[in-house]
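# Coordinate analysis (summary)
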Amino acid sequence: MPTKVAPGLSDNPTDLIKVITDNSVTKSKREKSSPERMKPMSDESSDVISDDVTGSNDVTSVPVTHDNGEGVQVNGKKDEEEIVIIQDMGFNIKIQSPGCETFELLVSPQEVVQEIHQVLMDREETCHRTCFSLQFETNTLDNFAELKTISGLKEGSVIRTVEEAYTLREVRIHLRHIRDLMKSIDPVDSYNGADCFSLSFLSHITDGEINGNNGDSRRKRQPETNSVDCTPPDYIMPGAREQPPLPPLQVNGDGGKPIQQCLRLLATSSWNPPPGNRKMHGDLMYIHILTVEDRSLCITASTKGFYINQSTMEQYNPRPAPQMYLSHSLIDLLNQVSPSFKKNYQIIQKKRVNKHPYERLPTPFQHYSWTAPSVEHHTDAVRAEDAYTLRLGYEDHIPGQMRDWNEEMQATRELPRSTLPERLIRERAMFKVHSDFVAAATRGAMAVIDGNVMAINPGEDTKIQMFIWNNLFFSLGFDVKEHYKDFGGDSAAFVACNNDLKGVRAFNDLDLEGIYTLATAVIDYRGYRVTAQSIIPGILERDQEQSVVYGSIDFGKTVVANEKYTQLLMKSSQALKTKPHRVVNEKGEQVEVMTSVECKGILGNDGRQYILDLLRTYPVDVNFQDYPEEVSKLAKSFGFPRKSKHKLYQLRPELLDAFIDQRYMLFIRHAAYLIMKQKSKTETETNTQQLAIERSSADDVITTNGQSQSDTTAASSPTSQPSDQSQTVTESDSQSQSVDTSAQDTAAKEANNTDELKTLDESLVKKNPGILNGAHKDILKEAGEAVGSLSVSEFDVRFNLDVYSPYVKHVKDEGFKKEKCIINDAAQFLVSYQIPSFISDMEHSLTMLDGLPIKDLIHQKGINMRYLGVVAKQLETSTLHRHGYTSVLHEIITRSVKHVFRLYVQNVDLLCMSAGLAHFLNCFIGSYPNPHPQLPDDDFMSSPHRAGKKNKKRRGVPRHMTNNHHDNFTWTNLTPLSLWADIKKEAKNYFSYELEGVNCETIVERYSIERLPLLSSVCQVCGIQIQLRNYSFDKQRPSFSDDDIMNLFPVVKHAPHRASDALHFFQSGHTKIQQGYLRDGLELITEAMNLFCNVYGPMHPEIANCLRLIAQVNYILGDYTEAISNQQKSLLMNERCKGVEHTSTITDYVRLALYCYANHQISLSLKLLYRARYLFIVVYGQLHPDMAQIDSNIGLILHSVSEYDLALRFLENALDINKQFLGAKSLKTSLSYHLLACLHACRGDFRTALQNEKETYAIYRSQLGDSHNNTKDSSECLKHLTEQAVILQRKVNELYKNGASAVIPPINLTTPTHRGVLDILNKINGFFFIQLSQKDLEALGAELEKSAAAGTKPESLPLVEDISAKPITDKLAGEVDLVPTATETTDTPTAEQDANNNRTAAMATNEDISLD
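Residue numbering note: each chain is counted from 1, following its sequence as written. Under the rules for a predicted model, residues below a pLDDT of 70 receive no local features and side-chain atom pairs below 80 are neither given nor counted, while totals for whole chains, interfaces and linings still include all residues. Values shown for side chains rest on all heavy atoms present in the structure; no hydrogens or waters enter the calculation.

### Focus: the overall build of the chain
- Each helix and strand in the chain was counted, giving 45 helices and 31 strands.
- Think of it in three bands: residues with accessible area under 20% of the maximum for their type are buried, residues over 50% are exposed, and the middle band is partly exposed, with areas taken using a 1.4 Å probe on protein chains only. A burial count over the chain gives 55% of its 1412 residues as buried.
- Long-range contacts, defined as pairs at least 24 residues apart, comprise 72% of the intrachain contacts of the chain with a sequence gap of at least 6.
- In the structure as shown, the chain presents an accessible area of about 60200 Å², 49% of it carried by carbon and sulfur atoms. We count a stretch as a helix when DSSP gives it H or I for four or more residues in a row; a strand needs E for two or more, and each element gets its number in order from the N terminus. When checking whether two residues touch, look at their non-hydrogen atoms; a contact exists if any pair is within 4.5 Å. Residue burial considers only the protein chains on display, and all accessible areas are found by Shrake-Rupley using a 1.4 Å probe.

### Here's the deal with the side chain of Arg413
- Here Arg413 shows up in helix H12 (residues 405-413).
- A positive count includes Lys and Arg, and a negative count includes Asp and Glu. His and the chain ends are not counted in either. By definition here, a salt bridge exists when the distance from a side-chain nitrogen of Lys or Arg to a carboxyl oxygen of Asp or Glu is within 4 Å. Buried charge without a salt bridge: Arg413, with Asp511 as the nearest opposite-charge side chain at an N-O distance of 4.3 Å.
- Contacts of Arg413, omitting those with residues within four sequence positions, involve Arg426, Met430, Asn508, Asp511, Tyr516, Thr517 and His1057.

### Describing the sheet that holds strand S19 (residues 548-550)
- Two strands are counted as paired when DSSP detects at least two bridges linking them. In space, the three strands of this open sheet follow the order S19-S22-S23, with antiparallel pairing throughout. Every other strand in the sheet has two partners, leaving S19 and strand S23 (609-612) as the edge strands with one partner each. Within this sheet the neighbouring strands show an average axis-to-axis angle of 45°, counted without direction.
- Here four bridges tie strand S22 (residues 600-603) to S23, and the two strands are oriented antiparallel to one another. Within the sheet, the bridge partner assigned to Ile602 lies in S23 and is Tyr610. For every element, the axis is a line fit to its C-alpha atoms; helices are fit only across the contacting stretch, and the angle between N-to-C directions ranges from 0 to 180 degrees.

### With respect to helix H13 (residues 420-449)
- Here H13 spans 43 Å end to end across 30 residues, near enough to the 44 Å set by a 1.5 Å rise per residue.
- Within H13, 25 of the 30 residues are buried, which leaves the element mostly enclosed by the surrounding structure.
- Trailing H13 by a residue or two, Gly451 shows a phi angle of about 85°, which is positive. Expected span of a helix, by definition, is 1.5 Å for each gap between consecutive residues, and there is one gap fewer than residues.

### As for the nonpolar core
- Note on terminology: a nonpolar core comprises buried Ala, Val, Leu, Ile, Met, Phe, Trp, Tyr and Cys residues joined through side-chain atoms within 4.5 Å. With 267 residues, the main nonpolar core has Phe924, Leu1015, Ile1024 and Ile1026 as its most contacted residues.
- Apart from the residues lying within four places of it in its own chain, the contact partners of Ile1026 are Leu246, Trp370, Thr371, Ala372, Leu921, Leu1015, Cys1019, Tyr1031, Phe1040, Asp1044, Ile1045 and Met1046.
- Membership of the second largest hydrophobic core comes to 29 residues, among which are Cys131, Leu175, Cys262 and Leu330.

### So, the confidence of the model for the chain
- pLDDT: the predictor's confidence for each residue, scored from 0 to 100. The share of residues in the chain with pLDDT of 70 or more is 75%, and the mean pLDDT across the chain is 78.
- For residues 1-88, every residue scores under 50 in pLDDT, and the model assigns this stretch 229 contacts once sequence neighbours within four places are set aside.
- Taken together, the stretch residues 697-761 has pLDDT below 50 and engages in 140 contacts with residues farther than four places along the chain or on a different chain.

### What to know about the pattern of salt bridges
- Scanning the model with the defined rule gives 49 salt bridges in all.
- In this structure, the salt-bridge partner of Glu125 is Arg123, at a minimum N-O distance of 3.2 Å.
- Residue classification places Arg123 among the buried positions, given a relative accessible area of 9%.
- Across the pair Asp1061 and Arg423 runs a salt bridge whose closest N-O atoms are separated by 2.8 Å. Of this pair, Asp1061 sits in helix H32 (residues 1060-1075) while Arg423 sits in helix H13; the two residues are 638 residues apart in sequence, bridging distant segments of the chain.
- Given the relative accessible area of 2%, Arg423 is considered buried.

### Some words on the packing of helix H8 (residues 330-337) against helix H9 (residues 339-354)
- Two elements in contact, H8 and H9, have axes whose closest approach is 5 Å; the angle formed by their N-to-C orientations is 125°. It follows that H8 is oblique to H9 by the angle criterion. Contacts between H8 and H9 involve Ile331, Leu334, Asn335 and Val337 from the first element and Pro339, Phe341, Lys342 and Tyr345 from the second.
- Residue classes in the contact of H8 with H9 are distributed as six nonpolar, one polar and one charged. Each angle gets one of four labels, with under 35 degrees taken as roughly parallel, over 145 as roughly antiparallel, 65 to 115 as roughly perpendicular, and the rest as oblique. Basically, the charged four are Asp, Glu, Lys and Arg, the nonpolar ten are Ala, Val, Leu, Ile, Met, Phe, Trp, Tyr, Cys and Pro, and anything else, Gly included, counts as polar.

### Regarding the sheet that holds strand S18 (residues 528-534)
- Taken together, five strands build an open sheet; the order of strands is S15-S16-S18-S17-S27 and the sheet is antiparallel. Two strands close off the open sheet at either side, each with one partner strand: strand S15 (466-469) and strand S27 (1051-1054). Averaged over neighbouring strand pairs, the angle between their axes works out to 25° when direction is ignored.
- Both strand S17 (residues 520-525) and S18 contribute to a ladder of six bridges, which runs antiparallel. In the strand pairing of S18, Asp524 is matched with Arg529.

### Considering the packing of helix H36 (residues 1143-1158) against helix H37 (residues 1162-1180)
- Look at H36 against H37: their axes get within 8 Å of each other, and the N-to-C directions meet at 160°. The angle between H36 and H37 places the two elements in the roughly antiparallel class. As H36 runs across H37, the sense of the crossing is left-handed. In this structure, H36 uses Thr1143, Ile1146, Tyr1149, Val1150, Leu1152, Ala1153, Cys1156 and Tyr1157 to contact H37, whose residues at the interface are Ile1162, Leu1164, Ser1165, Leu1168, Leu1169, Arg1171, Ala1172, Leu1175, Phe1176, Val1179 and Tyr1180.
- Broken down by class, the residue content of the contact of H36 with H37 amounts to 16 nonpolar, two polar and one charged. Crossing handedness follows the turn of the near helix against the far one: under a right angle anticlockwise gives a left-handed crossing, and clockwise gives a right-handed one.

### Points about the packing of aromatic side chains
- The aromatic pairing rule takes the rings of Phe, Tyr and Trp, using the six-membered ring of Trp, and pairs them if the centres are within 6.5 Å, calling planes under 30 degrees apart stacked, those over 60 edge-to-face and the rest tilted. The tally for this structure, following the rule as stated, stands at 35 aromatic pairs.
- Judged by centre distance (5.4 Å) and plane angle (40°), the rings of Tyr1115 and Tyr1120 are tilted.
- Looking at Tyr1120, the relative accessible area reads 10%, which means it is buried.
- Here the aromatic residues Phe624, Phe640, Tyr649, Tyr867, Tyr990 and Phe991 are joined through ring pairs into a cluster of three or more.
- Lysine NZ or arginine CZ positioned within 6 Å of the ring centre and within 35 degrees of the ring normal marks a charge as sitting over the ring. For the cation-ring pair, Arg608 lies above Tyr516, with the distance from its terminal atom to the ring centre recorded as 5.6 Å.
- Of note, Arg902 hangs over the ring of Phe494, and the distance from its end group to the ring centre comes to 4.0 Å.

### Quick look at the environment of Arg1011
- Here Arg1011 shows up in helix H31 (residues 1011-1022).
- Counting along the chain gives 167 residues from Arg1011 to Val1178, while the straight-line C-alpha distance between them is 9.3 Å.
- Beyond its immediate sequence surroundings of up to four residues, Arg1011 is in contact with Ile925, Gly926, Ser927, Cys1000, Glu1001, Val1004 and Phe1033.
- The term polar contact refers here to a pair of N or O atoms within 3.5 Å; inside protein, the definition further demands a hydrogen-donor-capable atom paired with an acceptor-capable atom, and it admits residues adjacent in sequence only when both atoms are side-chain atoms. One polar contact links the side chain of Arg1011 to the main-chain carbonyl oxygen of Ile925, over a distance of 2.6 Å.

### Some details on unusual backbone geometry
- The residue after Asn272, namely Pro273, is reached through a cis peptide bond having omega -5°.
- In this fold, Pro273 is placed in the loop between strand S10 (263-268) and helix H7 (276-279).
- Residue Phe640 is joined to Pro641 through a cis peptide bond whose omega torsion reads 0°.
- Backbone geometry at Thr138 places phi at a positive 65°, although glycine is not the residue there.

### Remarks on the environment of Asn92
- Relative to the helices and strands, Asn92 resides in strand S5 (residues 91-96).
- Of the residues examined, Asn92 reaches a relative accessible area of 25% and is grouped as partly exposed.
- For the pair Asn92 and Glu155, spaced 63 residues apart in sequence, the C-alpha separation works out to 5.3 Å.
- Residue contacts for Asn92: discarding those within four places in its chain leaves Glu104, Leu105, Leu106, Lys154, Glu155, Gly156 and Ser157.

### Things to note about the pairing of strand S11 (residues 283-291)
- Across the nine residues that make up S11, a large majority, seven, are buried.
- For S10 and S11, the ladder comprises five bridges, and the chain directions are antiparallel. Bridge pairing links Ala267 to His288 in S11.
- Two elements, S11 and strand S12 (residues 296-302), share seven bridges in a ladder whose sense is antiparallel. Bridge pairing in S12 links Leu290 to Ser296.
- The loop that links S11 with its antiparallel partner S12 comprises four residues; one of these, Asp294, has a positive phi angle of about 65°.

### As for helix H33 (residues 1078-1096)
- Across its 19 residues, H33 extends 26 Å between first and last C-alpha, which sits within 8% of the 27 Å expected from 1.5 Å per residue.
- Where burial is concerned, most of H33 is hidden: 16 out of the 19 residues are buried.
- Gly1097 occupies a position one or two residues after H33 and carries a positive phi of about 90°.

### Quick word on the state of the cysteines
- Two cysteine sulfurs form what is called a disulfide whenever their separation falls within 2.5 Å. Enumeration according to the criterion identifies zero disulfides in this entry.
- Cysteine Cys1093 shares no disulfide, and the gap to the nearest cysteine sulfur, in Cys1106, comes to 8.1 Å.
- For Cys1093, a relative accessible area of 2% puts it in the buried group.

### Looking at the environment of Ser296
- If you trace the backbone, Ser296 turns up in strand S12.
- A residue is classified by how much of its surface remains accessible, and Ser296, at 47% relative accessible area, is partly exposed.
- A C-alpha to C-alpha distance of 9.1 Å links Ser296 and Leu265, two positions 31 residues apart in sequence.
- With residues up to four places along the chain from it excluded, the contact list for Ser296 reads His288, Ile289 and Leu290.

Below you can see the structure in the form of structure tokens.
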């Protein structure tokens, strides 16, 4: 029976995909694991989301196989597993609810009854009801029963909503739900970073135009240009001297109007709890309400509902009022007593249901905004209750209990995972538990630092105090009992927390059965680092010595091993490329360990094998250790080994992967060379013997010579380069090592060859297995020695994690020397190859519109951020990489400021926190030469001073925040000069880069770094939230005051679980699309999105990536409406999950603008581009190479609507930026010249147009040659412009000659067509549509027939719909000219006409194709 997945059938947005399984989940299991907490949503909204993941109504079979790109590998299984996607298996039922009409609801047999509850609690007509049950044919339905298990339920069945009696818990839930409904459009929770709500402004930018009916706009001809609003804001215009204002960053769609207020007060009454005699009358709670009309009401919540009693604030009288208005819902009662409530509540609900679903759903993890407006603070009893109780034990599915985080995490790990449905359920539960854990850990860490949690060891020194809160264990990032004394003390302990988290992430990614890690999160808050972990059962009941059964707790003196742990960790060592090794304990015994000695294995009381202290999961970086003899000459030229604050620096896993690729390539090449040499020698001897014996048979001699020649030719095939790690020769896929510097340099040069060469070498080894047998095994030995393999019989490069541990005694033999050499060469590989490779790739990859910040781009190369100084030194002399140099310096300054801020804020008392942060920002980025902090009034300051140290323990902060009382005010001595001296010192010590300047002004002027982007990045990494207003950085007054500091947020790091199957689908689909198989790729990406939704819920960055890619394919296939819809969802998701100013958000704005222009929504397209340009200025400033792409888009669209003056400013700025960053001979520069030539021609300035087009022609001719199509097109354009210029000059001469009697016929200057502009926009944004001739189609048909006969797909001509995409041999082929001619038409061909014209698309590997 095939596995079935039914996506998009549920009306509940948090359960978009239902997996059909034969094994039903019991109620107790659902309550325990609680894979997803339901969030309310209306049926209209859920229908929108269901459409996101629903393709057609057909049943699609997707094979999941283990092949090379043609299928999707799931968990390494070779057997084909068929996944049937059911798109239309739902049926309609009717819902009867009191007070509203019967309505139909589309449901799926796999849904549970609880999901219908959630739909009703969010639907506009029924959202005010919370305490009800569902009945079918007089039977009350179980909330956790699947609909398919309900007997008799079918199409058209009626389910009734029955009001149930209230309990105290149900009353509290009802009040919270009413509060959420009244606050549903209030962004205060998003500003405060509460309940996983975040900001989104797309709907305000577009004024709801995207959600309009755009279906007919595609069929229109050219839109009316006079109806297009093209005026850009002054602050985004090119060359604007003033810094952009901050308020537009958060647009208020209501124009600053206050949100409608339904009630002045909704709170629990002070008469609570009801006395015993009133409990006997059914009283559960008393509620105090103050209406907008200033009417004070005391309402009784009873088992039957809500009614008004006769109590007042001064007198208790619980009897019902004469007009008590008994209602089952509090909303119904308030609608009767307050007209203003009824009016405002309806307005709020209308706005709520009109919001896009993605604007209303919570995100999986909290995102904090670095700016927030100053808003009025209103009373909120529910919010106050949450703040004071810290939500301890408030869990809807486990009422009155605290969650056992460890048991939940490990129980979800143990769920079955043999089939796809089981894996989906398992990953979904794991992700939900992890997201809840991160939220709880964040709240607990903040409570610990704020002093609201009592330590479990209060008598110990404050630095080593530990805390338990909500079944979570919290420890501070300080050196406990001098554990890291030899590694850097507190600095090493601070870094060890992050290294341990990386180790947890590595083991979580492996997801091996039998190995359990702790749920871990690292929270930086108020300068302190807190590690939050789940608690191992029984760990607190015994000493650590009794708990550890594997590893060492005393720095290698006593090392214990466990057979069970050895078997389990053997699997992880193979995957993590770690080398099992023997160490010697204090008794002289040799003990074999699979990991580092510091890694500990603990057997919990639950019988599970836990592994912790994973801070040495990856090998150390010898460039930052005190071993100068181990560092290469090249590394020494860069100043390595470098002294640092600690010795826990590690190499990144991306570097290790690149290292193994390079060494495996060398191994294969060397083996292939030896095979060819051996085979050539053998064949020569054989030929000599055959010539002597068979001299009489000339024919046989010829045949033998011919065969020898053929074999020799085959053996001398080209040499190698790796593209994948098909382990033909070995099973151990480990890291690599270089024997000498020359081999390293050779590898660095040869690694830039094509992937085909390594394939030839591997095939040569495969086709000659006999050579590797018997006496010829010395070939493997010699090849292994050449690359430093640890084995003489195979490729084996792995890392001994304890090589440089000073307290570990090793068994020093020849193998130990090789192990040390491997680690040394890996560090050398980073300096000698990865950094130069990153710099060479920077021109094409280090751009904002790749959607990745510089940190992610550097990490992709395996380069640690501490090497930024090395990168900056190599970039500072390059004019071509100026933007990269500025970006690297920006990152160096930001991270140096973060390090200095961490120590600074530790000395700031909570009473002075806002003043201290404002003072820090004034000294950091302000121009005022001598800022002074705004200290609190003397009444607040004098009491602690008088009390002295006696009052120290009674302060509102924990003792670990200050060591001495007077240190609380050392921060007041900070000055701009001293702060920047500390920043420069940190940059020198950590990054080994010397900053030139004494304050912000000199730094900004010296390195062309703008203040606003610098302020934005520093606030985000430090967790500072400032007021949303314009800041003036002048010398007259300080820029910041204490009122400008809105909040201080935590910076959270954690190891989230990933949807493995969905990720395989996504990677395979992305590969298909890159190859040109758009339809196949679209199906795979759609299914990947469905699986992501099943695991993560509807809101996650991975889903945004799927939506963006689906939108690209929709756009290429001509479905502009679907492209806009999917791109809009991707943009909303990135705004919510990553931030309104994230690089992915800016990229989505640019893409959405392109799709809107293609759909004839020109005004909307300009609004989106203006927004993208504003965000770009805030994040990167005016000078950035990618600003040319945005300006070219804006200028071209303004050109199309005849706004020539505005278009000229943007296009000229794009030309200047391209010339400045890419050079005067760049092809992007030539395109800018061409666009300006077209614009000037449309204005009638043919002289200037000729000058620009001549520049275009010169660049094409020098870069591409005379025979290139672009050169020829430019030549034709020059001729056309020359003719137009001559005609115009003749008419001008005739005017001068004949005077007033001259008759000047009008010059026909037509605007470019929509199609012509769109073609140029496609090229600017990385979409290249290539025209196929009839000859190409005939060749394609022959290729298809040939491939069909062979049973394979063509590789050179990938299939796109019914035709193939021609390979991109010229990225500027078929450039469309915008120069006005008399033959241009204003008709816009439709997508169907484009298909008939055989226009196909080729997509680049990256999201944006460079025109260079």
